[in-house]
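Chain and residue survey
Residue strings, one per chain:
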Amino acid sequence: MTHPTSTSASTASTTTYAPGLGKSPGAAPESPVPATRPSALHRLRAWFSAFVFTVPALVLFGLLVLVPMGYAFYISFFNWGGFGTPTDSVGFDNYTRLFDDPVFLGDLWRGFLLIAFSIVLQLPFALAMAVLLNQRLRGRAVYRMLFFAPYILSEVITGVLFSMIFAPDEGLADKVLDAVGLAGLGGDWFAGQDTVLPTLFLVMTWKYFGFHMMLYLAGLQGIPAELHEAARIDGASTWQRFRHITLPLLAPTLRISVFLAVIGAIQLFDLVWVITAGGPDHASETMVISLFQYGFKRYQMGYASAISVAMFLISLVFALAYQRFVLRRDTEGAITTMRGNR
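Residues numbered from 1 in each chain as written. Predicted model: local features only at pLDDT ≥ 70, side-chain atom pairs only at ≥ 80, totals over all residues. Heavy atoms only, no water.

Now for the overall build of the protein chain. Within the protein chain one finds 14 helices and zero strands. Overall, the protein chain shows an N-to-C arrangement of helices and strands of α-α-α-α-α-α-α-α-α-α-α-α-α-α. In the protein chain, which comprises 342 residues, the proportion classed as buried is 32%. A separation threshold of at least 6 residues defines the contact pool for the protein chain, and within that pool the share at least 24 residues apart is 64%. Of the roughly 21900 Å² of accessible surface on the protein chain, a fraction of 67% belongs to carbon and sulfur atoms. (Helix = DSSP H or I, 4+ residues; strand = E, 2+ residues; numbered from the N terminus. Buried < 20%, exposed > 50% of the residue type's maximum accessible area, 1.4 Å probe, protein only. Contact = heavy atoms within 4.5 Å. Areas by Shrake-Rupley, 256 points an atom, 1.4 Å probe, with all protein chains shown as cover.)

This is the structure:
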């Protein structure tokens, strides 16, 4: 005869858990399976793969970028003509000379004017054309191609072309103004100290606004059409939809466009060199043209290197400050590490 207590105990002891059918009420809770960590060999292989693919790029970057930058910084402390070994050390004289050089100070002012013209005039014009060509217009693909085509042309071709267009008296611009009875508006264009910078900016706008227009078009096409439809149904006007929908959603593209315009204005060289070579009387000269003039025309490589270092510091400070205070929201979460994949 079997004792009831022993029978219940034996029954409880034979209770099992079938996967997929749920736990029995008396079963112990299942302990979590610990996550397996990669072995040391696996981590070593990951680091070795990253090393193999990164080192060639780092070597090229070091040889083509870091070494020339370091050498330019080194020779900026010498009075060197570019031949032989630099031996005449002058300390920081080349850098103190920058603050006493009216040409370099003028270059800073003209660079600031070009940046201001780009932000205030060129970029809004590119945005307006992008908004227009984002509408359902007949032949808008042709218009997009025509407006973007100047950016494809080289700066040399553009410079030669507009040198002939704005040639005093004989250029196409003066002939057109004369034909429509506005001959008084014609002038020296690139030959006058007061007119060279506005005329040069006009050429820059024609050359580069198409690039920014295509950036804005790409951003506009990423905005859902349903948002505009909903706002239109709610009674929002065209300006209200542009102000409260288009501009906020296009803000990341606008910030990148401003950054590229500022850096491009700081480093402007080839277009100005072909058209005016910095003249007349330094009226259109930029920092890069001054660098070229001092380094390869006057053989003052030490002072030219100091100008290049100053340009680098200006660009670096602007880039870091712009990323820190303007692009911060756009770059958050964009940095990945190898630890996230472990």
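In an α-helix, one full turn covers 3.6 residues, which means residues spaced three or four apart are oriented alike. Look at helix α10 (residues 238-266): only 36 Å from first C-alpha to last across 29 residues, short of the 42 Å you get at 1.5 Å a residue. At Ala251, α10 shows its largest kink, close to 55°, and the proline Pro252 lies no more than four residues downstream. (Expected span 1.5 Å × (residues − 1). Bend = angle between axes of the 7 residues up to and from the residue.)

Our next topic: the packing of aromatic side chains. Aromatic ring pairs are defined here through the distance separating the ring centres and the angle between the ring planes. Counted according to the given criterion, the structure contains 28 aromatic pairs. Each ring, one from Phe117 and one from Phe201, has its centre 5.2 Å from the other, and the planes form 55°; the classification is tilted. With Phe117 in helix α4 (residues 102-133) and Phe201 in helix α8 (residues 196-221), this pair connects stretches of sequence that are 84 residues apart. What makes Phe201 buried here is its relative accessible area of 7%. Through a chain of ring-to-ring contacts, the aromatic side chains of Phe162, Phe166, Trp189, Phe190 and Trp206 assemble into a single cluster. (Phe/Tyr/Trp six-rings, centres within 6.5 Å; stacked < 30°, edge-to-face > 60°.)

A few words now on a nonpolar patch on the surface. On the surface, Phe61, Leu66, Met69, Phe312, Leu313, Leu316 and Leu320 cluster together into a nonpolar patch covering about 630 Å² of accessible area. Going through the elements one at a time, α2 (40-75) and α13 (301-325) are the ones with two or more residues in the nonpolar patch. The element best represented in the nonpolar patch is α13, accounting for four residues. With respect to the helices, strands and loops of the structure, Met69 is situated in helix α2. (Patch = residues over 30% accessible without salt bridge, like charges linked within 9 Å, V, L, I, M, F, W, Y side chains within 5 Å. Salt bridge = Lys/Arg side-chain N within 4 Å of Asp/Glu carboxyl O.)

It is worth spelling out the packing of α2 against α13 at this point. Running from amino to carboxyl end, α2 crosses α13 at an angle of 125°, the nearest separation of the two axes being 8 Å. Relative to α13, the element α2 is oriented oblique. Here α2 runs over α13; the crossing is left-handed. Contact residues: α2 offers Met69, Ala72, Phe73 and Ile75, while α13 offers Met301, Gly302, Ser305, Ser308, Val309 and Phe312. For the contact of α2 with α13, a count of residues per class yields seven nonpolar, three polar and no charged. (Axes fitted to C-alpha atoms, helices over the stretch in contact; angles between N-to-C directions. Parallel < 35°, antiparallel > 145°, perpendicular 65-115°, else oblique. Left-handed = near helix turned anticlockwise from the far one by under 90°. Nonpolar A, V, L, I, M, F, W, Y, C, P; charged D, E, K, R; others polar.)

Let us look at the environment of Thr276. Its location among the elements puts Thr276 in the loop between α11 (270-275) and α12 (287-297). Considering only alpha carbons, one finds Thr276 and Gly159, 117 residues apart in sequence, at a separation of 8.9 Å. Residues in contact with Thr276, not counting those within four places in the same chain, are Phe190, Val196 and Ser284.

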